[in-house]
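Structural characterization, general
Chain by chain, the residues:
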Amino acid sequence: MQGKIIKGIAGFYYVHDGHSRIYECKAKGIFRNKKIKPLVGDDVMFDVISDEEQTGNITDILPRNNELIRPAVSNIDQALIIFAAKDPEPNLNLLDRFLIMMEYQQVPCTICFNKLDLEDKDQERLAGIYGKAGYAVRFMSVTNSMGTDELRALLEGKTTVLAGPSGVGKSSFLNLLCPLAEMETGSVSEKIRRGRHTTRHSELFYIGNGSYVMDTPGFSSMDINMILADDLQYYFPEFTPMEGECRFIGCAHMEEPGCAVKQAVESGAVSRERYETYRGFYRELKNIKRY
Ligand SMILES: Nc1nc2c(ncn2[C@@H]2O[C@H](COP(=O)(O)OP(=O)(O)O)[C@@H](O)[C@H]2O)c(=O)[nH]1
Ligand SMILES: [Mg+2]
Ligand SMILES: [Zn+2]
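Residues numbered from 1 in each chain as written. Chains lettered and ligands numbered in written order. Predicted model: local features only at pLDDT ≥ 70, side-chain atom pairs only at ≥ 80, totals over all residues. Heavy atoms only, no water.

1. A short note on the overall build of the chain
When helices and strands are tallied, the chain shows eight helices and 13 strands. Against the compact-globule benchmark of 19 Å for 291 residues, the chain has a radius of gyration of 21 Å, which places it among compact chains. Dimensions of the chain along its principal axes, counting C-alpha atoms only, are 70 × 45 × 35 Å. Counting only residues that meet the buried cut, the chain has 49% of its 291 residues in that class. Taken together, the 35 basic and 40 acidic charged side chains of the chain have centroids lying 5 Å from each other. (Helix = DSSP H or I, 4+ residues; strand = E, 2+ residues; numbered from the N terminus. Rg over C-alpha atoms; globule rule 2.2 N^0.38 Å. Buried < 20%, exposed > 50% of the residue type's maximum accessible area, 1.4 Å probe, protein only. Lys, Arg positive; Asp, Glu negative; His and termini not counted. Charge placed at Lys NZ, Arg CZ, Asp CG, Glu CD.)

Structure below.
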């Protein structure tokens, strides 16, 4: 049989058969023969040991389309990066770091601002900044079910990772999509009071129609140090049309005269917010000592 690993705990892999059954599997032999460790997201072949107990043995891992490092998961079609329009206030610097991280891992992104019920005045501004950068921008309110059907449609037939900081409504959204998931939710202060991370391990949830969704813990920071300052520009998709247009070859789009990116900022084609983020990150990455 063929299935997908949706969870791995203590040497057991939980394999979803694509319909409604989940088999608890071992992966005897695969480590030794192929030197490859099964990952959540892997499409696998498995033998059923007992249909009644829903146990099996994984015999093969099918070729991976991709493999993310953060979170550790394979075969991801897209990331839905969720921030809140308010409570917590959107930290666009952090959002830009998420986008870079996803570009780095070559995962297509959609940006979604949740909690539209609390704040809707910034919609146009946010859609403008990220729309110019080439990203799809959506808005929703999980509480009021505003915009959530459109988001659900976006996930259809795909494997999607939900990313974003803590407290923005990722788990609430997953619970709406998949009531069986029963993810723990709560405000940031409630979570601090409980003193634990509410999303513990990587797990995919099947939400029907061939769609799988993964919740992730809320990241409050995002390291982009693996990117060299001089490569940073390639992680800003809106700079692509200006490639080769600057006066100097190897222009870093910082202080060089005749910079096409800076001209695009002046003309409004590239958002000033994103460009200022680029400058900040560039300086940050330049200052890292590499050996
Ligand atoms: N007002 C409002 N609150 C929301 C919405 N979605 C989630 N919340 C609340 O925000 C808090 C954090 O939600 P949670 O799903 O745990 O966020 P996560 O940390 O991103 O998984 C909870 O108290 C939710 O009830 C929304 O659309 N509007
Ligand atoms: Mg959560
Ligand atoms: Zn330039």
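2. Side note on the coordination of the zinc ion (ligand 3)
When four donors bind a metal tetrahedrally, each ideal donor-metal-donor angle is 109.5 degrees, and when six bind octahedrally, the ideal angles are 90 or 180 degrees. Protein-derived ligands of the zinc ion (ligand 3) are Cys-246 (SG), Cys-251 (SG), His-253 (ND1) and Cys-259 (SG), with the metal-ligand distances lying across 2.1 to 2.4 Å. What the four donor atoms of the zinc ion (ligand 3) show is an angle range of 104 to 115° at the metal, which sorts the shape as tetrahedral. Look at where the donors of the zinc ion (ligand 3) fall in the sequence and you get C-x4-C-x1-H-x5-C. Overall, the relative accessible area of 5% leaves Cys-251 in the buried class. Residue Cys-259 is classed as buried on the basis of its relative accessible area, which comes to 3%. (Donors = N, O, S within 2.8 Å, 3.2 Å for Na, K, Ca; no water. Tetrahedral: all angles 85-135°; square planar, octahedral: opposite > 155°, others 65-115°.)

3. Comments concerning helix α2 (residues 92–104)
Helix length check: α2 (13 residues) gives 18 Å between terminal C-alpha atoms against 18 Å at 1.5 Å per residue, within 8%. Residues Leu-92, Leu-94, Leu-95, Asp-96, Arg-97, Phe-98, Leu-99, Ile-100, Met-101 and Met-102 constitute the buried set of α2. Along its buried surface, α2 packs onto β8 (78–84), β9 (109–114), α3 (123–132), β11 (159–163) and α8 (272–286). For α2, the N-terminal capping position is held by Asn-91, with its side-chain oxygen 3.1 Å away from the main-chain nitrogen of Asn-93. Once α2 finishes, Gln-106 follows within two positions and takes phi at roughly 55°, a positive value. (Expected span 1.5 Å × (residues − 1). Contact = heavy atoms within 4.5 Å. Polar contact = N/O pair within 3.5 Å; in protein donor to acceptor, adjacent residues only side chain to side chain.)

4. What about the packing of aromatic side chains?
Per the stated rule, a full pass over the model turns up ten aromatic pairs. Both rings, one in Tyr-104 and one in Tyr-235, keep their centres 6.0 Å apart while their planes meet at 45°; by these two values the pair is tilted. One end of the pair, Tyr-104, is in helix α2; the other, Tyr-235, is in the loop between β13 (212–214) and α7 (260–267), with 131 residues separating them in the sequence. Given the relative accessible area of 35%, Tyr-104 is considered partly exposed. Both rings, one in Phe-236 and one in Phe-239, keep their centres 5.2 Å apart while their planes meet at 15°; by these two values the pair is stacked. Assessed through its relative accessible area of 0%, Phe-236 is described here as buried. The structure contains a cluster of three or more aromatic residues connected by ring pairs, namely Phe-236, Phe-239, Tyr-275, Tyr-278 and Tyr-282. One cation-aromatic arrangement involves Lys-7 over Tyr-14; the distance from NZ or CZ to the ring centre is 5.0 Å. Above the face of the Phe-12 ring, Lys-26 is positioned so that its terminal group lies 4.5 Å from the ring centre. (Phe/Tyr/Trp six-rings, centres within 6.5 Å; stacked < 30°, edge-to-face > 60°. Lys NZ or Arg CZ within 6 Å of the ring centre and 35° of its normal.)

5. Here's the deal with the environment of Arg-274
When you line up the elements, Arg-274 lands in helix α8. Measuring from C-alpha to C-alpha, the distance between Arg-274 and Glu-238 comes to 9.3 Å, with 36 residues separating the pair along the chain. Apart from residues no more than four positions distant in its own chain, Arg-274 is found in contact with Asp-96, Leu-99, Ile-129, Tyr-130, Ala-133, Tyr-135, Phe-236, Pro-237 and Glu-238.

6. Focus on the sheet that holds strand β5 (residues 55–61)
Within the closed barrel, the five strands sit side by side as β1-β2-β3-β5-β4. Their pairing is mixed. Across the sheet, the mean angle from the axis of one strand to that of its neighbour is 50°, orientation sign disregarded. The pairing of strand β4 (residues 43–50) with β5 spans six bridges and is antiparallel. Each residue of the ladder has a partner; that of Phe-46, found in β5, is Ile-58. (Pairing = 2+ DSSP bridges. Axes fitted to C-alpha atoms, helices over the stretch in contact; angles between N-to-C directions.)

Such coordinate-based values are descriptive only and should not be taken to indicate function.
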